[in-house]
Amino acid sequence: MVYTRIAIKIKLQGLCYKDDVMELEKLRHGTELIKRGFAKMQKGGVIMDVTTPEQARIAEEAGAVAVMALQAVPADIRKAGGVARMADPQIIADIIDTVTIPVMAKARIGHFVEAEILQALGVDMVDESEVLTPADHKYHIDKTNFTVPFVCGARNLGEALRRMNEGAAMIRTKGEAGTGDVSEAVKHMKQIQGEIRALKGMTREEMTRIAREIEAPVELVVETAQMQRLPVVNFAAGGVATPADAALMMRLGADGVFVGSGIFKAEIPEKMAVAIVEAVNNYDNPEVLAKISKGIGAGMKGISVDTIPQDQVLQTRGW
Amino acid sequence: MLIGVIAIQGDVSEHVDALVRALEERGQSADIVTIKHKGIVLDCDALILPGGESTTLGRLLIREGIADEIRQMHLLGKPILGTCAGLILLAKEGDEQVRKTHQHLLGIMDTKVNRNAFGRQRESFETGLELTFLNSPYNAVFIRAPGIVGCGEDVTILAKMDGMVVAAEQGNILALAFHPELTFDTRVHQYFLDKLF
């Protein structure tokens, strides 16, 4: 990416000596190590959905490791219906200017131009997300073409490894966004962990059969079996609404948590945000969790997943 | 020997794995403990502050009461390694970005830091870096990396990049703007362990 190098050079001219600029020619941007490395720095953290710079400031103040810039939180997208697209670039730019933590943003499944725009804006990670209306019903974005890393949703191991094969540097469970019902996130996390456990002790021949069954590259299946975890960072998402929900997902093996509508649809967002951050750091201590969960106001109202009509289910978008 | 790794947030397991590899290579052993709460830091003989988000780490270090323990540990002269976010937290002074978020700094190293000195994620890079204590370049991974833009007399510069200091030490404290824990080359962790053994 030529423009990134130019951008750095311009910044440097006022800052440093001439001979140091020569060093830049050897810089390697957007490598797998750098993309996956960025995701690793998010581990043990909470990433919060925000729609305004003011919300982004509240999230940063509470201790979020990153914010996800959106036009509307998933609960409102669900309510509004219609076509959900990438957020207004002006809002994203304002959020980028407001906080020092990384800013992520969502692009529609398959909409590589939205992703390019987000990259050009300086977004730190793109979420190719089923929460938005898909732009392509056959292909996800070829994420290897980008300097910016991607996170993608998955319901099972096959889906996770297919996304990785397309270049995703981070996976999150799909759950069912905008519901405040954590049950689908639990289901997807347990499904992925169970499939990984089942690979233990398998021969290469058996793993080849599994790879065919789950429609994933055999090399990634083998790597997953050896590591006994997904080879990239794996967060929980889709329905996390309380400190207890966040702690539950950590107990199930998530590396961290995305909270969408759960913060700014809560009665007192500031308190809910701090409590969820602390819950992720204390997920294995029920006494501390009890203390954290007191006096923080009501969580988002939410809707039970069973009552959602099939055509309004978000997790079946993508494949 | 007990080596602590602050485990509030960030790439903790990568540091633990890198320590295990480095210890194996030198044929020495030590126990490694990951630390989320107060009451453990002062039992450690050495401490690592991993990479992560410095704003988050700083807030939780205070809330959990670990920050003061790290300052005490420093007064005892024990080795402390900070990578990326760790380098920021060790510093005495931050740039405007650090100040506007009311970032909590440990202030145990006489340095001034720029939080995202090398830009956003799309500008993150890896490159062969010359470190004064190594005889060949080290593949250094910089992720939204900070840089040291000013240091006191007691600080020794170990590497520079684009006019900024990206590796420095002050007594037994070692601060790095890059992530040696993300590569398999253990030479930087070895240099740190030399302070302990």
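Residues numbered from 1 in each chain as written. Chains lettered and ligands numbered in written order. Predicted model: local features only at pLDDT ≥ 70, side-chain atom pairs only at ≥ 80, totals over all residues. Heavy atoms only, no water.

## Topic: the overall build of chain B
If you tally the helices and strands in chain B, you get six helices and 12 strands. Radius of gyration (C-alpha) of chain B: 15 Å, near the 16 Å computed for a compact globule of 197 residues. Viewed in the frame of its principal axes, chain B has a C-alpha envelope of about 40 × 40 × 35 Å. In chain B, buried positions account for 64% of the 197 residues. Sequence separation of at least 24 residues holds for 70% of the intrachain contacts in chain B that already meet a minimum separation of 6. As presented, chain B carries roughly 6,600 Å² of accessible surface, and 48% of it is formed by carbon and sulfur atoms. (Helix = DSSP H or I, 4+ residues; strand = E, 2+ residues; numbered from the N terminus. Rg over C-alpha atoms; globule rule 2.2 N^0.38 Å. Buried < 20%, exposed > 50% of the residue type's maximum accessible area, 1.4 Å probe, protein only. Contact = heavy atoms within 4.5 Å. Areas by Shrake-Rupley, 256 points an atom, 1.4 Å probe, with all protein chains shown as cover.)

## Here we look at the confidence of the model for chain A
For chain A, per-residue confidence averages 92 on the pLDDT scale, and residues scoring 70 or more make up 92% of the total. Per-residue pLDDT stays below 50 along residues 1-24 of chain A; that stretch engages in 33 contacts with residues further than four places along the chain or on separate chains. (pLDDT = per-residue confidence, 0-100.)

## Points about the nonpolar core
Of all hydrophobic cores here, the largest spans 124 residues; its most connected members are A:Met249, B:Ile6, B:Ile70, B:Phe142 and B:Phe178. Considering every element that reaches this core, the biggest residue donor is helix 14 (residues 269-281) of chain A, with seven residues. Residues within four places of A:Met249 in sequence aside, it is in contact with A:Val182, A:Ala185, A:Val186, A:Met189, A:Ala236, A:Val240, A:Ala254 and A:Val257. Of all hydrophobic cores here, the second largest spans 22 residues; its members include A:Ala160, A:Ile210, A:Ala216 and A:Val221. (Core = buried A, V, L, I, M, F, W, Y, C linked by side-chain atoms within 4.5 Å.)

## A short note on the packing of aromatic side chains
Residues and elements named next belong to chain B. For the structure on display, the rule yields eight aromatic pairs over all chains. Measuring from ring centre to ring centre gives 5.6 Å for Phe118 and Phe125, while their planes differ by 70°; the resulting arrangement is edge-to-face. Its relative accessible area of 5% is what places Phe118 among the buried residues. By relative accessible area, Phe125 is classed as buried at 0%. With a centroid separation of 6.0 Å and an interplanar angle of 50°, the aromatic rings of Tyr138 and Phe178 are classed as tilted. In this pair, Tyr138 sits in strand 8 (residues 138-142) while Phe178 sits in the loop between strand 12 (173-176) and helix 6 (187-193), placing the two residues 40 residues apart along the sequence. The rings of Phe118, Phe125, Tyr138, Phe142 and Phe178 are connected pair by pair, giving a single aromatic cluster. (Phe/Tyr/Trp six-rings, centres within 6.5 Å; stacked < 30°, edge-to-face > 60°.)

## Thoughts on the interface of chain A and chain B
Many descriptions give the size of an interface as the accessible area lost when the pieces come together. On the chain B side, the residues contacting the 54 residues of chain A number 48 residues. Taking both partners together, chain A and chain B bury about 4,100 Å²; carbon and sulfur atoms supply 51% of that area. Taken as a group, A:Met41, A:Thr100 and A:Asn281 account for 19% of the area that chain A buries against chain B, more than any other trio of residues on that side. Linking chain A to chain B there are seven salt bridges. B:Arg144 is the partner of A:Asp124 in a salt bridge, and the nearest nitrogen-oxygen pair spans 3.0 Å. Here chain A and chain B share 29 residue pairs in polar contact (both at pLDDT 80 or more) between them. Of all the secondary-structure elements, those providing two or more residues to the side of chain A that touches chain B are helix 1 (2-13), helix 2 (18-23), strand 1 (28-29), helix 3 (32-40), helix 4 (53-62), helix 6 (89-98), helix 7 (112-121) and helix 14 of chain A. With six residues, helix 3 of chain A is the largest single contributor of residues to the side of chain A that touches chain B. Broken down by class, the residue content of the side of chain A that touches chain B amounts to 25 nonpolar, 16 polar and 13 charged. (Buried area = accessible area lost by both parts, 1.4 Å probe. Salt bridge = Lys/Arg side-chain N within 4 Å of Asp/Glu carboxyl O. Polar contact = N/O pair within 3.5 Å; in protein donor to acceptor, adjacent residues only side chain to side chain. Nonpolar A, V, L, I, M, F, W, Y, C, P; charged D, E, K, R; others polar.)

## With respect to the pattern of salt bridges
The final tally for this structure, using the stated rule, is 30 salt bridges over all chains. In this structure, A:Lys43 engages B:Glu14 in a salt bridge whose closest nitrogen and oxygen atoms are separated by 2.9 Å. Of this pair, A:Lys43 sits in the loop between helix 3 and strand 2 (46-50) while B:Glu14 sits in helix 1 (residues 12-26), which puts the two residues in different chains. Assessed through its relative accessible area of 10%, A:Lys43 is described here as buried. When its relative accessible area of 11% is taken as the criterion, B:Glu14 is described as buried. A salt bridge links B:Arg115 to B:Glu53, with the shortest nitrogen-to-oxygen separation between them at 3.1 Å. With B:Arg115 in the loop between strand 6 (109-114) and strand 7 (125-129) and B:Glu53 in the loop between strand 3 (46-49) and helix 2 (54-63), this pair connects stretches of sequence that are 62 residues apart.

## Thoughts on empty space enclosed by the protein
Residue and element names in this part refer to chain A. Within this structure, the stated rule accounts for five cavities of 30 Å³ or more. Space inside the largest cavity adds up to approximately 180 Å³. Around the largest cavity, the lining is made up of 22 residues, and of these Asp49, Ala177, Ala237, Gly238 and Gly260 lie nearest the centre. Of all elements in the fold, only strand 9 (257-259) and helix 13 (261-264) reach the threshold of two or more residues within the lining of the largest cavity. Here the lining of the largest cavity is composed, by residue class, of eight nonpolar, eight polar and six charged. If you add up the space inside the second largest cavity, you get close to 100 Å³. (1 Å grid on protein atoms, 1.4 Å probe; cavity = no way out; pocket = protein on both sides within 12 Å on 5 of 7 lines; lining within 4 Å. Points joined across faces, edges and corners; volume = space filled by probe spheres on them.)

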